[in-house]
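Spelled out from the first residue to the last, the chains are:
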Amino acid sequence: MNHSIIDNLHWRYATKRYDSSKKVPQDAISIIKEALRLTPTSYGLQPLKFLIIENNAIRNELLSFSYNQKAIVDASHLIVIASLTDIPTQEIDDYIENTALTRDIPIQQLSNYSNFLKQTINNLSPIEKKMWAQKQAYIALGVLIDICAQLKLDATPMEGFDSDGYDYVLNLTEKKLTSTLVIPIGYRHSEDSAQYWKKVRKSSEELFEEF
Ligand SMILES: Cc1cc2nc3c(=O)[nH]c(=O)nc-3n(C[C@H](O)[C@H](O)[C@H](O)COP(=O)(O)O)c2cc1C
């Protein structure tokens, strides 16, 4: 297929080795931040926090909780997507207030929706709330992978890390957050052999059904 979007998706790969001498420029970081801010989430609640880490000392500490994947320290930046471990009622009140302010509508008009949201969320068990928040992190991951490809930046989605270790180093537990996904971003090393691997994907016949 001949299209720049598809070409960029072929160009990207889960980069194993980064060129530590190259830094992602600030304007690209700003685009990534705005894309993550605009990422849709269920009910729009955004139970997420994005940590953008350049600091080498922190990244060295995180390396020991990352199965020694050197991308953690060699990439230009490390993005940690953290999700809320609980969805307190205050989160919903804040969302409703933001909606009223943003759309310039009286908050009373949103009271039915607010009650609906509170009831829906409070029906979930603590573990279901945590898992629901983590699902939202994966939406942001999808957006991030695509944005990086379109910007011709390399990125490595990672689940292979010790979340408890990250939570400890980044003081996430006290903020009622947990590290859910880790994504080093930067520029591939010219000797990263993974850039030449052919993409392994199911065929369209296997993946799609059209009616
Ligand atoms: C949610 C998720 C977690 C992943 N975790 C890791 C990881 O910890 N380390 C790693 O090297 N690759 C990781 N990968 C990369 C996948 O193995 C890779 O995306 C997949 O094999 C497809 O290859 P491609 O991305 O190079 O096209 C992860 C990918 C995803 C989407």
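Residues numbered from 1 in each chain as written. Predicted model: local features only at pLDDT ≥ 70, side-chain atom pairs only at ≥ 80, totals over all residues. Heavy atoms only, no water.

Here we take up the domain arrangement of the protein chain. Here the protein chain is partitioned into domain 1 (4–85 + 137–187) and domain 2 (88–123). Between domain 1 and domain 2, the contact holds four residues from the first and eight residues from the second. Of the roughly 560 Å² buried between domain 1 and domain 2 on both sides combined, carbon and sulfur atoms contribute 72%. Three residues, Tyr43, Leu45 and Leu84, lead the burial of domain 1 against domain 2; their summed loss comes to 89% of the area buried on that side. (Domains from an automatic or database assignment. Contact = heavy atoms within 4.5 Å. Buried area = accessible area lost by both parts, 1.4 Å probe.)

As a further point, take the environment of glutamine 134. The residue glutamine 134 is located in helix α7 (residues 126–150) in this model. Under the relative-accessibility criterion, glutamine 134 is labelled partly exposed at 22%. Distance in space between the C-alpha atoms of glutamine 134 and isoleucine 81 is 9.1 Å, their sequence separation being 53 residues. With residues near it in sequence (within four places) discarded, glutamine 134 still touches Ser83, Thr178 and Thr180. (Helix = DSSP H or I, 4+ residues; strand = E, 2+ residues; numbered from the N terminus. Buried < 20%, exposed > 50% of the residue type's maximum accessible area, 1.4 Å probe, protein only.)

Residues in contact with the ligand amount to 13 residues; listed here are only the nearest, Arg12, Ala14, Lys16, Lys199 and Arg201. Measuring from an oxygen atom of the ligand, one finds a side-chain N or O atom of arginine 12 at 2.6 Å. A distance of 2.9 Å separates an oxygen atom of the ligand from a polar backbone atom of glycine 160. Protein coverage of the free-state accessible area of the ligand, which is 620 Å², stands at 64%. Looking at the shell around the ligand residue by residue, the class counts come to six nonpolar, two polar and five charged. (Near = heavy atom within 4 Å. Polar contact = N/O pair within 3.5 Å; in protein donor to acceptor, adjacent residues only side chain to side chain. Areas by Shrake-Rupley, 256 points an atom, 1.4 Å probe, with all protein chains shown as cover. Nonpolar A, V, L, I, M, F, W, Y, C, P; charged D, E, K, R; others polar.)

With respect to topology, four strands assemble into an open sheet ordered β1-β2-β4-β3, the strand pairing being antiparallel. Either end of the sheet is taken by a strand with one partner, and the two such strands are β1 (48–53) and β3 (154–155). Strand contacts of α7: β1, β2 (77–84), β3 and β4 (177–186), with the helix running at about 10° to β4, the strand carrying the most contacts. (Pairing = 2+ DSSP bridges. Axes fitted to C-alpha atoms, helices over the stretch in contact; angles between N-to-C directions.)

Mapped onto the secondary structure, tyrosine 113 falls in helix α6 (residues 111–122). The class for tyrosine 113 is partly exposed, based on a relative accessible area of 32%. Each C-alpha atom, one on tyrosine 113 and one on isoleucine 96, is 8.5 Å from the other, the two residues being 17 residues apart in sequence. Look past the residues within four positions of tyrosine 113 in its chain and what remains in contact with it is Tyr43, Tyr95 and Ile96.

Counting residues in each nonpolar core, the largest one holds 31 residues, and the members touching the most others are Leu62, Ile72, Leu78, Val80, Tyr166, Leu170 and Val182. In terms of residues, this core owes the most to one element, β2, which gives four residues. Two domains each provide a minimum of three residues to this core, namely domain 1 (4–85 + 137–187) and domain 2 (88–123). Setting aside anything within four residues of it in sequence, one finds valine 80 in contact with Lys49, Phe50, Leu51, Ile53, Tyr166, Leu170, Ser179, Leu181 and Val182. Counting residues in each nonpolar core, the second largest holds 18 residues, with Ile79, Leu153, Leu181 and Ile185 among its members. (Core = buried A, V, L, I, M, F, W, Y, C linked by side-chain atoms within 4.5 Å.)

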